[in-house]
Amino acid sequence: MIWYTALVLAVAAERLAELAVALRNARWSLARGGTEAGRGHYPAMVTLHTALLGACLAETWLADRPFLPWLGWSMVAVVAAAQGLRWWCVRTLGRRWNTRVIVVPGLPLVTGGPYRFLRHPNYVAVAAEGAALPLVHGAWVTAVLFTVLNAALMAVRVRCEDSALARFAGADARA
(Lines give C-alpha, C1' and ligand atoms only; values in the text may rest on other atoms or scores of the structure.)
Protein backbone atom coordinates (compact mmCIF):
# COMPACT_ATOMS: atom_id res chain seq x y z
CA MET A 1 0.00 0.00 0.00
CA ILE A 2 2.99 2.28 0.29
CA TRP A 3 3.31 2.52 -3.49
CA TYR A 4 -0.41 3.38 -3.74
CA THR A 5 0.02 6.12 -1.16
CA ALA A 6 2.92 7.42 -3.26
CA LEU A 7 0.70 7.36 -6.37
CA VAL A 8 -2.06 9.34 -4.64
CA LEU A 9 0.52 11.83 -3.33
CA ALA A 10 1.92 12.17 -6.86
CA VAL A 11 -1.57 12.96 -8.14
CA ALA A 12 -1.92 15.52 -5.32
CA ALA A 13 1.39 17.12 -6.39
CA GLU A 14 0.13 17.20 -9.97
CA ARG A 15 -3.03 18.95 -8.78
CA LEU A 16 -0.92 21.57 -6.99
CA ALA A 17 0.98 22.12 -10.24
CA GLU A 18 -2.37 22.60 -12.00
CA LEU A 19 -3.38 25.18 -9.42
CA ALA A 20 -0.15 27.11 -10.00
CA VAL A 21 -0.80 27.12 -13.75
CA ALA A 22 -4.43 28.12 -13.15
CA LEU A 23 -3.44 31.02 -10.90
CA ARG A 24 -0.99 32.34 -13.47
CA ASN A 25 -3.58 31.94 -16.22
CA ALA A 26 -6.30 33.61 -14.13
CA ARG A 27 -4.10 36.68 -13.69
CA TRP A 28 -3.48 36.75 -17.44
CA SER A 29 -7.19 36.40 -18.27
CA LEU A 30 -8.38 38.95 -15.73
CA ALA A 31 -5.77 41.46 -16.91
CA ARG A 32 -7.31 41.15 -20.40
CA GLY A 33 -10.86 41.81 -19.25
CA GLY A 34 -11.78 38.23 -18.44
CA THR A 35 -15.00 37.62 -16.56
CA GLU A 36 -15.36 34.88 -13.96
CA ALA A 37 -18.52 32.81 -13.68
CA GLY A 38 -19.43 29.92 -11.41
CA ARG A 39 -17.88 31.14 -8.19
CA GLY A 40 -20.66 29.48 -6.24
CA HIS A 41 -19.83 25.92 -7.28
CA TYR A 42 -16.05 26.29 -7.27
CA PRO A 43 -15.59 25.62 -3.52
CA ALA A 44 -17.65 22.43 -3.87
CA MET A 45 -15.42 21.33 -6.74
CA VAL A 46 -12.25 21.97 -4.73
CA THR A 47 -13.71 20.12 -1.75
CA LEU A 48 -14.77 17.13 -3.87
CA HIS A 49 -11.39 16.82 -5.58
CA THR A 50 -9.50 17.14 -2.30
CA ALA A 51 -11.81 14.64 -0.63
CA LEU A 52 -11.20 12.18 -3.47
CA LEU A 53 -7.50 12.01 -2.64
CA GLY A 54 -8.07 11.63 1.09
CA ALA A 55 -10.85 9.08 0.60
CA CYS A 56 -8.67 6.97 -1.69
CA LEU A 57 -6.14 6.58 1.09
CA ALA A 58 -8.64 6.31 3.93
CA GLU A 59 -10.71 3.58 2.30
CA THR A 60 -7.67 1.63 1.17
CA TRP A 61 -5.98 1.73 4.57
CA LEU A 62 -9.01 1.56 6.89
CA ALA A 63 -11.01 -1.04 4.94
CA ASP A 64 -7.85 -2.97 4.09
CA ARG A 65 -8.73 -3.05 0.41
CA PRO A 66 -6.66 -5.55 -1.57
CA PHE A 67 -4.67 -4.81 -4.69
CA LEU A 68 -6.17 -6.87 -7.50
CA PRO A 69 -3.58 -6.88 -10.29
CA TRP A 70 -6.05 -7.29 -13.17
CA LEU A 71 -8.02 -4.25 -11.96
CA GLY A 72 -5.21 -2.24 -10.39
CA TRP A 73 -2.86 -2.19 -13.36
CA SER A 74 -5.63 -1.41 -15.82
CA MET A 75 -6.73 1.49 -13.60
CA VAL A 76 -3.15 2.78 -13.39
CA ALA A 77 -3.26 2.93 -17.20
CA VAL A 78 -6.54 4.89 -17.05
CA VAL A 79 -5.07 7.31 -14.49
CA ALA A 80 -2.03 7.85 -16.74
CA ALA A 81 -4.24 8.37 -19.80
CA ALA A 82 -6.39 10.86 -17.86
CA GLN A 83 -3.27 12.82 -16.89
CA GLY A 84 -2.18 12.85 -20.52
CA LEU A 85 -5.58 14.08 -21.69
CA ARG A 86 -5.69 16.75 -18.97
CA TRP A 87 -2.28 18.16 -19.89
CA TRP A 88 -3.18 18.00 -23.59
CA CYS A 89 -6.13 20.26 -22.69
CA VAL A 90 -3.87 22.58 -20.70
CA ARG A 91 -1.40 22.82 -23.55
CA THR A 92 -4.08 23.31 -26.20
CA LEU A 93 -5.89 26.07 -24.31
CA GLY A 94 -2.64 27.70 -23.22
CA ARG A 95 -3.24 30.73 -21.05
CA ARG A 96 -7.00 30.27 -21.32
CA TRP A 97 -6.96 26.99 -19.38
CA ASN A 98 -8.12 27.35 -15.79
CA THR A 99 -9.73 25.51 -12.92
CA ARG A 100 -12.14 28.42 -12.71
CA VAL A 101 -14.53 29.56 -15.42
CA ILE A 102 -12.89 32.75 -16.71
CA VAL A 103 -13.77 33.95 -20.21
CA VAL A 104 -11.81 36.62 -22.04
CA PRO A 105 -14.18 38.40 -24.44
CA GLY A 106 -13.32 38.25 -28.11
CA LEU A 107 -10.89 35.34 -28.10
CA PRO A 108 -11.59 32.84 -30.88
CA LEU A 109 -12.87 29.34 -30.35
CA VAL A 110 -10.21 26.73 -29.64
CA THR A 111 -10.78 23.90 -32.08
CA GLY A 112 -7.44 22.11 -31.97
CA GLY A 113 -6.09 19.32 -29.82
CA PRO A 114 -8.70 17.29 -27.97
CA TYR A 115 -11.30 19.98 -28.70
CA ARG A 116 -11.49 18.60 -32.24
CA PHE A 117 -13.17 15.54 -30.77
CA LEU A 118 -14.90 16.61 -27.54
CA ARG A 119 -16.52 19.79 -26.26
CA HIS A 120 -15.26 19.31 -22.68
CA PRO A 121 -12.31 16.90 -22.78
CA ASN A 122 -10.86 18.05 -19.46
CA TYR A 123 -14.02 16.88 -17.71
CA VAL A 124 -13.66 13.48 -19.36
CA ALA A 125 -10.16 13.33 -17.85
CA VAL A 126 -11.50 14.31 -14.42
CA ALA A 127 -14.25 11.68 -14.55
CA ALA A 128 -11.86 8.95 -15.70
CA GLU A 129 -9.25 9.78 -13.08
CA GLY A 130 -11.86 10.08 -10.32
CA ALA A 131 -13.19 6.61 -11.02
CA ALA A 132 -9.85 4.96 -11.76
CA LEU A 133 -7.60 6.31 -9.00
CA PRO A 134 -9.59 4.71 -6.17
CA LEU A 135 -9.97 1.46 -8.09
CA VAL A 136 -6.20 1.10 -8.47
CA HIS A 137 -6.28 -0.31 -4.96
CA GLY A 138 -9.87 -1.50 -4.65
CA ALA A 139 -11.45 1.60 -3.09
CA TRP A 140 -14.74 1.00 -4.85
CA VAL A 141 -16.89 3.02 -2.41
CA THR A 142 -14.77 6.10 -3.09
CA ALA A 143 -14.95 5.46 -6.84
CA VAL A 144 -18.75 5.22 -6.78
CA LEU A 145 -19.27 8.23 -4.48
CA PHE A 146 -16.88 10.44 -6.44
CA THR A 147 -18.47 9.43 -9.74
CA VAL A 148 -21.99 10.23 -8.55
CA LEU A 149 -21.05 13.52 -6.87
CA ASN A 150 -18.83 14.56 -9.75
CA ALA A 151 -21.61 13.89 -12.27
CA ALA A 152 -23.91 16.21 -10.32
CA LEU A 153 -21.21 18.85 -10.07
CA MET A 154 -20.31 18.56 -13.76
CA ALA A 155 -23.94 19.08 -14.73
CA VAL A 156 -23.74 22.46 -12.98
CA ARG A 157 -20.22 23.22 -14.21
CA VAL A 158 -20.85 22.49 -17.89
CA ARG A 159 -24.03 24.59 -17.90
CA CYS A 160 -22.13 27.41 -16.19
CA GLU A 161 -19.22 27.23 -18.60
CA ASP A 162 -21.38 27.00 -21.72
CA SER A 163 -23.49 29.93 -20.52
CA ALA A 164 -20.43 32.06 -19.75
CA LEU A 165 -18.90 31.27 -23.13
CA ALA A 166 -22.13 32.16 -24.94
CA ARG A 167 -22.54 35.36 -22.94
CA PHE A 168 -18.99 36.70 -23.05
CA ALA A 169 -17.22 35.11 -25.98
CA GLY A 170 -19.84 34.03 -28.46
CA ALA A 171 -21.86 30.84 -28.62
CA ASP A 172 -19.01 28.57 -29.70
CA ALA A 173 -16.01 29.91 -27.78
CA ARG A 174 -14.11 27.93 -25.13
CA ALA A 175 -12.84 29.11 -21.75
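Structure shown above.
Colleague: Quick question: what am I supposed to make of the pattern of salt bridges here?
Modeller: Side-chain pairs of opposite charge can arise whenever the charged atoms involved come near each other. The tally for this structure, following the rule as stated, stands at eight salt bridges. Among the ionic pairs, Arg 86 bridges to Glu 129, the shortest N-O distance being 3.2 Å. You can see Arg 86 sitting in helix α3 (residues 69–93) and its partner Glu 129 sitting in helix α4 (residues 121–135), a full 43 residues away along the chain. For the pair formed by Arg 86 and Glu 129, the shared burial category is buried. Ionic contacts of the salt-bridge type, sharing partners, join the residues Glu 14, Arg 15, Glu 18, Arg 86 and Glu 129 into one network.

Colleague: What's the story with the state of the cysteines in this structure? I'm lost.
Modeller: In a disulfide, the sulfur atoms of two cysteines are covalently bonded to one another. Per the stated rule, a full pass over the model turns up zero disulfides. Cys 89 forms no disulfide, and the closest cysteine sulfur to it belongs to Cys 160, at a distance of 18 Å. The exposure class assigned to Cys 89 is buried, which follows from its relative accessible area of 0%.

Colleague: Any chance you could explain the layout of surface pockets here in plain terms?
Modeller: Over the atoms rolls a probe the size of a water molecule, and its path tells where empty space is left. When its volume is computed, the largest pocket comes out at roughly 540 Å³. Glu 18, Met 45, His 49, Trp 97 and Thr 99 are, among the 30 residues lining the largest pocket, the residues nearest its centre. Only α1 (2–31), α2 (42–62), α3, α4 and α5 (140–168) provide two or more residues apiece to the lining of the largest pocket. Counting residues per element, the lining of the largest pocket draws most heavily on α2, which supplies six residues.

Calculation rules
Per chain, residue numbering runs from 1 following the sequence as it is written. Per-residue local features are limited, in this predicted model, to residues with pLDDT of at least 70; the limit for side-chain atom pairs, both in listing and counting, is 80 or more; totals at the level of whole chains, interfaces and linings are taken over all residues. Based on all heavy atoms of the structure, the side-chain values leave hydrogens and waters out of the count. Any carboxyl oxygen of Asp or Glu that lies within 4 Å of a side-chain nitrogen of Lys or Arg is treated as forming a salt bridge with it. Elements are defined by DSSP. Helices are runs of H or I of four residues or more, strands are runs of E of two residues or more, and each kind is numbered from the N terminus. Partly exposed residues are those whose accessible area sits between 20% and 50% of the maximum for their type, while under 20% is buried and over 50% is exposed, using a 1.4 Å probe and protein chains only. Any two cysteine sulfur atoms lying within 2.5 Å of each other are counted as a disulfide. A pocket, in this scheme, is an open set of points on a 1 Å grid over the protein atoms alone with protein on both sides within 12 Å along at least 5 of 7 lines, while a cavity is a set where a 1.4 Å probe fits but cannot get out; residues line either one if an atom lies within 4 Å of a point. Grid points are joined across faces, edges and corners, and a volume is the space filled by probe spheres set on the points.

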